[in-house]
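# Structural features, examined
In case you want the letters, here they are:
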Amino acid sequence: MRWFLFLAAAAARDPLEVLDAVAGKIMRSVAPNASTVFGEPAWSYGTGIIAVGMREASRVLAQGPLAAWTDELLDGFLPGGARAAEGFAARLLKNETIPWGSAIGDVVPLFASAYLDRAERGGSAQDLAIAVAAATRYVLPWPTLWEDGAASRNRYTKGVNCSDNCGRWIWADDAFMGATLAARLARTPLDVPDDLRATLL
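Read on for a plain summary of the structure. (Residues numbered from 1 in each chain as written. Predicted model: local features only at pLDDT ≥ 70, side-chain atom pairs only at ≥ 80, totals over all residues. Heavy atoms only, no water.)

This part takes up unusual backbone geometry. Leave glycine aside and you will find that most residues have negative phi; peptide bonds, for their part, are mostly trans. Here F38, not a glycine, exhibits a phi torsion of approximately 50°, which is positive. Position of F38 among the secondary structure elements: in the loop between β1 (36-37) and β2 (40-41). (Helix = DSSP H or I, 4+ residues; strand = E, 2+ residues; numbered from the N terminus.)

The following block contains the structure:
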């Protein structure tokens, strides 16, 4: 991803030109139905950031193809979609159990922010339901906490469980991944349960 930004910045001076170059490079480099995106699973927090960014770029640049690329990416994880088994949208809608993962936000919630973004801009009730389910089930009840109740990472490294120091630390990106969906839901103009909004606020 860094080299995309470097090349775009070197080739363009205007911020919109940079945005256009980066978004266009992503769209040309990654098929929206791919199983991996830049080496990560198609449903991952990194792809979630890309999806939200591409939707924002499509609005700023008024480019329909960027929105269409993101829609195809998101639709693939819905029930009946080509990659429903690879992501968690269908499982959230079916109320199926999903493993917690190592940090708040990294498995489920951050990618769900892309569905909330689409719901706020003419998307379906299904998009909003995915975001609400992710926040309700995988942000607010996060099980590994500090003594003051703040969320903590539950693994030191990938696949290695914590020892007695569990609940003592969190990475900055963990906090971002966990807070993004919650913060956006708290401020959304869409109809979300009052108790959920009050808890998020």
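From this point, the narrative continues.
Attention shifts here to the nonpolar core. In terms of nonpolar packing, the biggest core is built from 49 residues, with F77, L92, Y115, L181 and L185 touching the most fellow members. For this core, the secondary-structure elements that each account for two or more residues are α2 (15-29), α3 (45-61), α4 (64-75), α5 (89-93), α6 (109-120), α7 (125-138), α8 (172-187) and α9 (194-200). Broken down by element, this core gets its largest block of residues, eight residues, from α7. (Core = buried A, V, L, I, M, F, W, Y, C linked by side-chain atoms within 4.5 Å. Buried < 20%, exposed > 50% of the residue type's maximum accessible area, 1.4 Å probe, protein only.)

Pairs of packed helices are described in terms of their axes, by the angle between the two and the distance that separates them. Close contact between α3 and α4 brings their axes to 8 Å; oriented N to C, the two are set at 150°. Taken together, the axes of α3 and α4 lie roughly antiparallel to each other. Handedness of the crossing formed by α3 with α4: left-handed. Note on element contacts: α4 touches α3 through L66, A67, W69, T70, D71 and L73, opposite T47, I50, A51, M54, R55, A57, S58 and L61. For the contact of α3 with α4, a count of residues per class yields nine nonpolar, three polar and two charged. (Axes fitted to C-alpha atoms, helices over the stretch in contact; angles between N-to-C directions. Parallel < 35°, antiparallel > 145°, perpendicular 65-115°, else oblique. Left-handed = near helix turned anticlockwise from the far one by under 90°. Contact = heavy atoms within 4.5 Å. Nonpolar A, V, L, I, M, F, W, Y, C, P; charged D, E, K, R; others polar.)

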